[in-house]
Amino acid sequence: ISGSGLGLTVGSWTDGYHGSDTTIPILPIDFNNSSIYFRLALPNQDGGLIQPGHAAARLMAQKTIPRGFTATHVDIYGANNEDFIVYKGEIDNDTTPTVSDSGGCAMNTQCSLDEPVSGSDGTQYLTIWCGVDSTSDTIFGGKITITRTV
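Read on for an overview of the structure. Since we're looking at a predicted model, the values are computed, not measured.

What counts as what
Residues numbered from 1 in each chain as written. Predicted model: local features only at pLDDT ≥ 70, side-chain atom pairs only at ≥ 80, totals over all residues. Heavy atoms only, no water. Helix = DSSP H or I, 4+ residues; strand = E, 2+ residues; numbered from the N terminus. Contact = heavy atoms within 4.5 Å. Areas by Shrake-Rupley, 256 points an atom, 1.4 Å probe, with all protein chains shown as cover. Polar contact = N/O pair within 3.5 Å; in protein donor to acceptor, adjacent residues only side chain to side chain. Core = buried A, V, L, I, M, F, W, Y, C linked by side-chain atoms within 4.5 Å. Buried < 20%, exposed > 50% of the residue type's maximum accessible area, 1.4 Å probe, protein only. Salt bridge = Lys/Arg side-chain N within 4 Å of Asp/Glu carboxyl O.

## A look at the overall build of the protein chain
Here is step 1: A count of helical and extended segments in the protein chain gives 0 helices and 10 strands.
Here is step 2: Going from N to C terminus, the protein chain has its helices and strands arranged as β-β-β-β-β-β-β-β-β-β.
Here is step 3: Considering only contacts within the protein chain whose residues lie at least 6 apart along the sequence, 71% involve residues at least 24 apart.
Here is step 4: Roughly 8,000 Å² of accessible area belongs to the protein chain as shown, and the carbon and sulfur atoms make up 52% of that amount.

Here it is as structure tokens:
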């Protein structure tokens, strides 16, 4: 499809996640579905980071894996090298096994998934659970690396 009829110069569009066939971005606000301990996550006014509102808060983000792609790595960036865990899930059940580096990863270091997660039918997702333990443990964002599988 050409965008010339719309007055746009588009080049080419790839499928994947919002046109990217290599990464799924994780924005700071994606961690705002926040704490399983009913503690709020506090985004910075300029959107550059999010931080726990209490030391007992745990921040969590979820992202779907596009159909025809496989998630292979997760990177989370933050002020400290806090631990994070990656789980895989499907929208039709509550089974969510751990798939990250034998159970744990550290922020600011690429985490290889022990079991790549395929988005074969578009119902698979990743849950990233960050083990922050201080209100100064800010998260800047992250990315999920994906590869085409079909």
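## Quick notes on the environment of Asn-108
Here is step 1: With respect to the secondary-structure elements, Asn-108 resides in the loop between strand S7 (105-106) and strand S8 (111-118).
Here is step 2: The sequence separation of Asn-108 and Asp-83 amounts to 25 residues, and the corresponding C-alpha distance is 9.8 Å.
Here is step 3: Residue contacts for Asn-108: discarding those within four places in its chain leaves Ile-76, Tyr-77, Gly-78, Asn-80 and Asn-81.
Here is step 4: A polar contact is formed between the side chain of Asn-108 and the backbone oxygen of Gly-78, at a distance of 3.0 Å.
Here is step 5: Separated by 3.5 Å, the side chain of Asn-108 and the backbone oxygen of Asn-80 make a polar contact.

## Quick word on the nonpolar core
Here is step 1: Residues Phe-31, Ile-76, Phe-84, Leu-126 and Ile-128 are the most contacted members of the largest nonpolar core, which totals 28 residues.
Here is step 2: Sorting the residues of this core by element identifies strand S1 (23-26), strand S4 (59-64), strand S5 (69-78), strand S6 (83-90), S8, strand S9 (124-130) and strand S10 (139-148) as the ones contributing at least two each.
Here is step 3: For this core, the element with the highest residue contribution is S5, accounting for 4 residues.
Here is step 4: If we skip the residues at most four places from it in the chain, Ile-76 touches Ile-26, Phe-31, Phe-84, Met-107, Asn-108, Ile-128, Cys-130, Ile-139, Gly-141 and Gly-142.

## Considerations on the side chain of Thr-127
Here is step 1: As for its placement among the helices and strands, Thr-127 is situated in strand S9.
Here is step 2: A polar side-chain atom of Thr-127 sits 3.0 Å from a polar atom in the side chain of Gln-62.
Here is step 3: Leaving out residues up to four positions away in the same chain, Thr-127 has contacts with Met-60, Ala-61, Gln-62, Ile-85, Val-86 and Tyr-87.

## What to know about the pattern of salt bridges
Here is step 1: Taken as a whole, this structure holds 3 salt bridges when the rule is applied.
Here is step 2: A salt bridge links Asp-30 to Lys-63, with the nearest nitrogen and oxygen atoms 3.0 Å apart. Taken as a pair, Asp-30 in the loop between S1 and strand S2 (41-43) and Lys-63 in strand S4 lie far apart in primary sequence, 33 residues in all.
Here is step 3: The class of Lys-63 is buried, set by a relative accessible area of 11%.
Here is step 4: Here Lys-88 and Glu-115 are joined by a salt bridge, their closest N and O atoms 2.2 Å apart. One end of the pair, Lys-88, is in strand S6; the other, Glu-115, is in strand S8, and 27 residues separate them in sequence.

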